[in-house]
Amino acid sequence: MKSMLELNDVLVEGASKTVSMLAKEREMTCLTGGSVEVRSHLLLAMLGLKTVKSGFISIDGEPLNKQTVKAFRKMMAYVPNELVADGEVVVYEPPTVQDVFEWKENRDAAISNGLLEEEIKRTMAPRDKAQLLAVAVLRKRPILLVDQPHALSADYLHRLAQNGLIVIVNSDDAEILRVSDEVIEL
Amino acid sequence: MIGIDISFWGVALLVVLLLASVGIFKLTDHREMMRVLKVFGLMTGQVMVIGLGVWLAYKTGAWWADLLWLVLMLVLAGAWILFVMRKQWKQILLSVVAALATGTLVGGGTMMLCLSGRFFIPVMGMIIAHLVVSIIGTLQTYQRSLMHTETHRQYMLANGASLLESLMPSVRRALRATVQPQLRTMAQPLLVTMPLLFIGMLLGGVSPATAVIVMILLMMAAFVSTVVAAIIALYCFKR
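Residues numbered from 1 in each chain as written. Chains lettered and ligands numbered in written order. Predicted model: local features only at pLDDT ≥ 70, side-chain atom pairs only at ≥ 80, totals over all residues. Heavy atoms only, no water.

Caption draft 1: Representation of the overall build of chain B in the model. Secondary structure summary: chain B contains 9 helices and 0 strands in total. Mapped in sequence order, the helices and strands of chain B form the string α-α-α-α-α-α-α-α-α. Its C-alpha atoms put chain B at 70 × 50 × 35 Å along the principal axes. Within chain B, the proportion of its 239 residues that are buried is 39%. Contacts in chain B between residues far apart in sequence, at least 24 positions, make up 69% of those at least 6 positions apart. As displayed, chain B has an accessible area near 14,500 Å², and 74% of this comes from carbon and sulfur atoms. Across chain B, 17 positive and 6 negative side-chain charges occur, with their mean positions spaced 7 Å apart. (Helix = DSSP H or I, 4+ residues; strand = E, 2+ residues; numbered from the N terminus. Buried < 20%, exposed > 50% of the residue type's maximum accessible area, 1.4 Å probe, protein only. Contact = heavy atoms within 4.5 Å. Areas by Shrake-Rupley, 256 points an atom, 1.4 Å probe, with all protein chains shown as cover. Lys, Arg positive; Asp, Glu negative; His and termini not counted. Charge placed at Lys NZ, Arg CZ, Asp CG, Glu CD.)

Caption draft 2: Broad picture of the confidence of the model for chain B. All names here are of chain B. Averaged over every residue, the pLDDT of chain B is 88; residues scoring 70 or more account for 95%. Within chain B, helix H8 (residues 196–203) has the poorest average pLDDT of any element, 79, and helix H6 (residues 150–158) the best, 95. Quick note on the complex model: pTM equals 0.81, ipTM equals 0.93. (pLDDT = per-residue confidence, 0-100.)

Caption draft 3: Expanded view of the environment of A:Pro63. Within the secondary structure, A:Pro63 sits in strand S5 (residues 62–63). Linking A:Pro63 and A:Lys74, residues 11 residues apart in sequence, is a C-alpha distance of 15 Å.

Caption draft 4: Looking closely at the interface of chain A and chain B. The partner chain B presents 18 residues to the 28 residues of chain A that form the contact. When the two sides are added together, the surface that chain A and chain B hide from each other amounts to roughly 1,900 Å², 58% of it contributed by carbon and sulfur. At the junction of chain A and chain B, the tally comes to 1 salt bridge. Measuring nitrogen to oxygen at the nearest pair gives 3.9 Å for the salt bridge that ties B:Glu150 to A:Lys50. Elements with a contribution of two residues or more to the side of chain A that touches chain B: strand S6 (76–79) and helix H5 (127–138) of chain A. By residue class, the composition of the side of chain A that touches chain B is 19 nonpolar, 1 polar and 8 charged. (Buried area = accessible area lost by both parts, 1.4 Å probe. Salt bridge = Lys/Arg side-chain N within 4 Å of Asp/Glu carboxyl O. Nonpolar A, V, L, I, M, F, W, Y, C, P; charged D, E, K, R; others polar.)

Caption draft 5: A look at the packing of aromatic side chains. All names here are of chain B. Going through the model one piece at a time under the given rule, you end up with 3 aromatic pairs over all chains. Judged by centre distance (5.1 Å) and plane angle (75°), the rings of Phe 8 and Trp 9 are edge-to-face. Each ring, one from Trp 80 and one from Phe 83, has its centre 5.7 Å from the other, and the planes form 35°; the classification is tilted. Residue Trp 80 and its partner Phe 83 are both found in helix H3 (residues 63–84); the two are separated by 3 residues, about one turn of the helix. Owing to a relative accessible area of 48%, Trp 80 belongs among the partly exposed residues under this scheme. Judged by its relative accessible area of 46%, Phe 83 falls in the partly exposed class. (Phe/Tyr/Trp six-rings, centres within 6.5 Å; stacked < 30°, edge-to-face > 60°.)

Caption draft 6: A look at the pattern of salt bridges. Taken as a whole and assessed by the stated rule, the structure comprises 10 salt bridges over all chains. One salt bridge in this structure joins A:Glu119 and A:Arg122, with 2.7 Å as the shortest N-O distance. Taken together, the residues span about one helical turn, with A:Glu119 and A:Arg122 both in helix H4 (residues 113–123) at a distance of 3 residues. Look at A:Glu119 and you get buried, because its relative accessible area is 9%. Under the relative-accessibility criterion, A:Arg122 is labelled partly exposed at 38%. With a shortest N-O distance of 3.2 Å, B:Arg35 and B:Glu32 are connected by a salt bridge. One end of the pair, B:Arg35, and the other, B:Glu32, are both in helix H2 (residues 30–60), 3 residues apart, so they sit about a helical turn from each other. For B:Glu32, a relative accessible area of 27% gives the class partly exposed.

See the structure below:
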């Protein structure tokens, strides 16, 4: 049976209407329309990092709640739009690639400068965005959530989906929409 | 207690010189002069209140009087920290109480194992003074770091970090803020910044050798108590 991530009448803060969707394995699903913040909020809600006002999120029929959130998160990798401190305060340095792979859960992931550079090149995106995406991909999780990916990464993301991942992106970009198997209009 | 003869004419000269110094500010910067006068007034008031407490404790000479003085100092220290961070007082109340109590118990308690009971008041006073500065530094840094790095923490939690791992950068920043003022003071040449306590001990008639030993022990105890207090404060902080 194909793995799937489901949103059932989910309403998040700032949204005017509920969202229902079914993201399947080997498919790239794109959230589009409405406000960017609401879509970003939805991605974080799938990770259990933002609350939902109503509705529920499930993976393979198992609902996301306090008991399942850790197990669900272990199945996901997340790529933010950018990684800067809130309020543009420069003294707070973001986590580095080395930090990510030093966390207990990622210690088994294969990582080297060579592997990282190779993956960065494959993404085709500018350096900062490419690095965030490459790090998430190298964690080798079955679900990949990408917030506002670069248009040049469209084919790369589609290929990842074809290779067996559930890829969910938040984008208004025509190129990303073109390669998406499923488009959810908010 | 050793009394010190203070010359009336010496004091009078010092007061005249102080007024002359303040007068310079009156000519150049009136606002700063008001600030200088306010700070001097506050400092004198505080020294007199604390001095009265210490005097009463020494006069009574009983263990309960020392303990009462300690409790009063802890309450004042806690109230000051909560006043400085009054916007978040509900969030930090538990942290402040737990950190002050544990820091004083660990640092002060260990020092009292090393020294005789007559050092109780100055030792505890110094430990509490260090704790106040460090707890404010720790909590302010930690709170500011958490506020500005929500995006970082979301990224970390979403990519395999545990809750503790996601808080570690803020914890590191807070611990750095805890020890840095103390390290900065210790790193400066003693000829430039002669520790007040060291001078106080010499003024109090303690031999220089004893003063050196007590000073080193106190710096060690203060460091330990600030680190312990910081860890407790961070652990109890409501996120």
